[in-house]
Amino acid sequence: MRLSDGSEMSNSTCYSANNCITYIYQYTEGRKIRMETWVLLPEFNSPLLTESEEYAYDEYNRITSTIRFLEPDHRNISILRHYYYPIR
């Protein structure tokens, strides 16, 4: 489902009526640049941003890294580097 800001919301996974996880993806020029994980828990009245990921690309539009953050503090919890090896 496309949102008004151009991002895309995937289907939510609900474990009960008040316990759901929703992923929101943001794109620029056809490339995924950010993913947010929102969680609705019984003790909250609204969804809470719990994690996010940011993606970097090279000049060939290949993903070069994925950086994961713990929210809401935006604390870096992992960095994944992507390498491409030619197949012979």
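Please refer to the structure higher up on the page.
Residues numbered from 1 in each chain as written. Predicted model: local features only at pLDDT ≥ 70, side-chain atom pairs only at ≥ 80, totals over all residues. Heavy atoms only, no water.

Asker: Before we go on, may I ask you to explain unusual backbone geometry in this structure?
Answerer: Only a minority of non-glycine residues have a phi that is not negative, and only a minority of peptide bonds are not trans. Put simply, glutamate 71 and proline 72 share a cis peptide bond, and its omega is 10°. Mapped onto the secondary structure, proline 72 falls in the loop between strand 6 (63–70) and strand 7 (75–81). Although it is not a glycine, asparagine 61 adopts a positive phi angle of roughly 65°. Tracing the chain through its elements places asparagine 61 in the loop between strand 5 (48–57) and strand 6. (Helix = DSSP H or I, 4+ residues; strand = E, 2+ residues; numbered from the N terminus.)

Asker: What am I meant to see in the pattern of salt bridges here?
Answerer: It is possible for side chains of opposite charge to pair when their charged atoms get near one another. Under the criterion given, the structure shown has five salt bridges. Overlapping salt bridges, with partners in common, bring together Arg34, Glu36 and Glu54 in one network. (Salt bridge = Lys/Arg side-chain N within 4 Å of Asp/Glu carboxyl O.)

Asker: Would you mind showing me how to read the side chain of glutamate 71 here?
Answerer: Mapped onto the elements, glutamate 71 comes out in the loop between strand 6 and strand 7. Here serine 52 takes part through its side chain, which lies 2.6 Å from a polar atom of the side chain of glutamate 71. Within the local environment of glutamate 71, its side chain forms a polar contact with the side chain of histidine 74, the two groups lying 2.8 Å apart. With near-sequence residues (within four places) excluded, glutamate 71 lies in contact with Arg34, Leu49, Thr50, Glu51 and Ser52. (Polar contact = N/O pair within 3.5 Å; in protein donor to acceptor, adjacent residues only side chain to side chain. Contact = heavy atoms within 4.5 Å.)

Asker: Mind showing me how you'd approach the side chain of glutamate 53 here?
Answerer: Turning to its location among the elements, glutamate 53 is positioned in strand 5. In terms of polar contacts, glutamate 53 uses its side chain to reach the side chain of tyrosine 55, at 2.5 Å. Among all residues touching glutamate 53, those that are not within four sequence positions of it are Ile33, Arg34, Met35, Thr66, Ile67 and Arg68.

Asker: Where do I start with the pairing of strand 5 in this structure?
Answerer: For a regular strand, side-chain orientation follows a simple rule: the groups alternate between the two sheet faces. Pairing between strand 4 (residues 31–40) and strand 5: six bridges, direction antiparallel. Note on strand 5: the bridge partner recorded for threonine 37 is glutamate 51. As defined by bridge partners, strand 5 adjoins strand 6 across seven bridges and the pair is classed as antiparallel. Opposite glutamate 53, over in strand 6, you have arginine 68 as the bridge partner. Taking the residues between adjacent antiparallel strands as the criterion, strand 5 and strand 6 are bridged by five residues, where asparagine 61 takes a positive phi near 65°. (Pairing = 2+ DSSP bridges.)

Shape descriptors only; they carry no functional weight alone.
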